[in-house]
Amino acid sequence: MRSSRVATGGPAGDLGVDPVPSQAPSPALGVRTRSQHQRRKRIVQAAGALASRGGVEAMQMRTVAERAGVALGTLYRYFPSKMDLVVAVVGEEIDLLESSIERRPPQAATPAGRAVDVLMRATRGLMREPELADALIRSLIIAEVDTPFGDRMTGLLLRVAADGLTPEDATEEQFALAGSLSSVWVHELLEMLRSRRTYDQIQRRIEIAAGRLLADFRTTGPK
C-alpha cells in the first residue's frame, strides 16, 4: 500500500481558492463560493487562450486579468505568480483528458495497449493547439512551483492500465513504471514540438516503451 502522492491542482483543485469552513455553508457562502469558482475558471480559460496563441510569454498577468474581466489584484489573490497560473492551465488540460477517458475508456486488451491509447489521445489533443502544448511542456521543465502534471498523468495511467488501480494501492514498482512511461511521453512530445519526431514515430516509441515497462504489470500489484 502507498501513501497518497497525487496532487490535485487544476480547476477542480484548491490552488488559490479561499478556504471553505468545514461546517455546513450558509446560502450566502454557497453563492460566494460558486462565484469564486467561476471567476477562477474564467482566469484559467483566459490564460489558456493566450498561451494557445503566444506561449507562456503571452500569459502576462495584466493581460490575463483584462481578458478574464477581473482586477489585477484579484488575479494575484488567486494566482500569486505566473507559474501558479501555468500549473492551473496544466490542470485544466488534465481535467479535459480525464473527462474524455471517462466518456470513452480505452478498449485495448493489454495494460500497455490501454496506456498507449491514453497517451496518444493526449498527444492529439495537445497538438491541436501546438503553442499551448509547447507552453505547457516547457513549463514543466522550468517550473518553479510544484506541478500536478507528472503525478496526475501517472495516476491516470495506473487507472487505465490496471483496471482502476489507484496510486494509494499501487506498489512502488507500479508507480515507478507508470511514472517512467509518463516521462517518456513528455520527452517524445517535446521532440515532436521541436520537429524532431513525427506523430507516427512518437506512437511507435510509446508503444515500445509501454510494452517493456508494463509487460508484467498485472502480476506486480498487491496480492
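Rules used in this analysis
- Residues numbered from 1 in each chain as written.
- Predicted model: local features only at pLDDT ≥ 70, side-chain atom pairs only at ≥ 80, totals over all residues.
- Heavy atoms only, no water.
- Helix = DSSP H or I, 4+ residues; strand = E, 2+ residues; numbered from the N terminus.
- Buried < 20%, exposed > 50% of the residue type's maximum accessible area, 1.4 Å probe, protein only.
- Contact = heavy atoms within 4.5 Å.
- Areas by Shrake-Rupley, 256 points an atom, 1.4 Å probe, with all protein chains shown as cover.
- Polar contact = N/O pair within 3.5 Å; in protein donor to acceptor, adjacent residues only side chain to side chain.
- Core = buried A, V, L, I, M, F, W, Y, C linked by side-chain atoms within 4.5 Å.
- 1 Å grid on protein atoms, 1.4 Å probe; cavity = no way out; pocket = protein on both sides within 12 Å on 5 of 7 lines; lining within 4 Å.
- Points joined across faces, edges and corners; volume = space filled by probe spheres on them.
- Nonpolar A, V, L, I, M, F, W, Y, C, P; charged D, E, K, R; others polar.
- UniProt positions renumbered as here; feature names shortened; annotations may be inferred.
- Axes fitted to C-alpha atoms, helices over the stretch in contact; angles between N-to-C directions.
- Parallel < 35°, antiparallel > 145°, perpendicular 65-115°, else oblique.
- Left-handed = near helix turned anticlockwise from the far one by under 90°.
- pLDDT = per-residue confidence, 0-100.

Summing up its helical and strand segments, the chain has nine helices and zero strands in all. Going from N to C terminus, the chain has its helices and strands arranged as α-α-α-α-α-α-α-α-α. The buried share of the chain, taken over its 223 residues, is 47%. Counting only contacts in the chain whose residues sit at least 6 apart along the sequence, the fraction spanning at least 24 positions is 73%. When the accessible area of the chain is evaluated, it comes to approximately 11700 Å², of which 51% is carbon and sulfur surface.

With respect to the secondary-structure elements, Arg197 resides in the loop between helix 8 (172-193) and helix 9 (199-213). A distance of 2.6 Å separates the side chain of Arg197 from the side chain of Glu188, its partner in a polar contact. If sequence neighbours within four positions are ignored, Arg197 has contacts with His187, Glu188, Glu191, Met192, Ile202 and Arg205.

This part is about the nonpolar core. Counting residues in hydrophobic clusters, the biggest one holds 63 residues, and the most contacted among them are Ile43 and Trp185. In terms of residues, this core owes the most to one element, helix 8, which gives ten residues. If near-sequence neighbours (up to four positions away) are discounted, Trp185 is found in contact with Leu119, Ala122, Thr123, Leu126, Phe149, Met153 and Ile206.

In this structure, the largest pocket encloses a volume near 370 Å³. Around the largest pocket, the lining comprises 19 residues; the ones closest to its centre are Glu93, Leu96, Ala122, Gly125 and Leu126. Of all the elements in the fold, those that place two or more residues in the lining of the largest pocket are helix 4 (82-103), helix 5 (111-127), helix 6 (130-142) and helix 7 (149-161). For the lining of the largest pocket, the element with the highest residue contribution is helix 4, accounting for six residues. Partitioning the lining of the largest pocket into residue classes produces eleven nonpolar, two polar and six charged.

UniProt's entry tags residues 60-79 with the feature "DNA-binding region" (unreviewed entry), counted in the numbering of this structure. For residues 60-79, the end-to-end C-alpha separation is 12 Å, with 75% helix and 0% strand making up the annotated structure.

It is at 8 Å that the axes of helix 5 and helix 7 come closest, and there the two elements cross at 135°. When the interaxial angle is binned, helix 5 and helix 7 end up oblique. Handedness of the helix 5/helix 7 crossing: right-handed. Residue-level inspection shows Pro111, Arg114, Ala115, Val118 and Leu119 of helix 5 in contact with helix 7, the latter providing Met153, Leu156, Leu157, Val160 and Ala161. Looking at the contact of helix 5 with helix 7 residue by residue, the class counts come to nine nonpolar, no polar and one charged.

Time to look at the confidence of the model for the chain. Overall, the prediction assigns the chain a mean pLDDT of 79, with 78% of residues at 70 or greater. Across residues 1-26, where pLDDT falls below 50, the model places 49 contacts with residues more than four positions away in sequence or in other chains.

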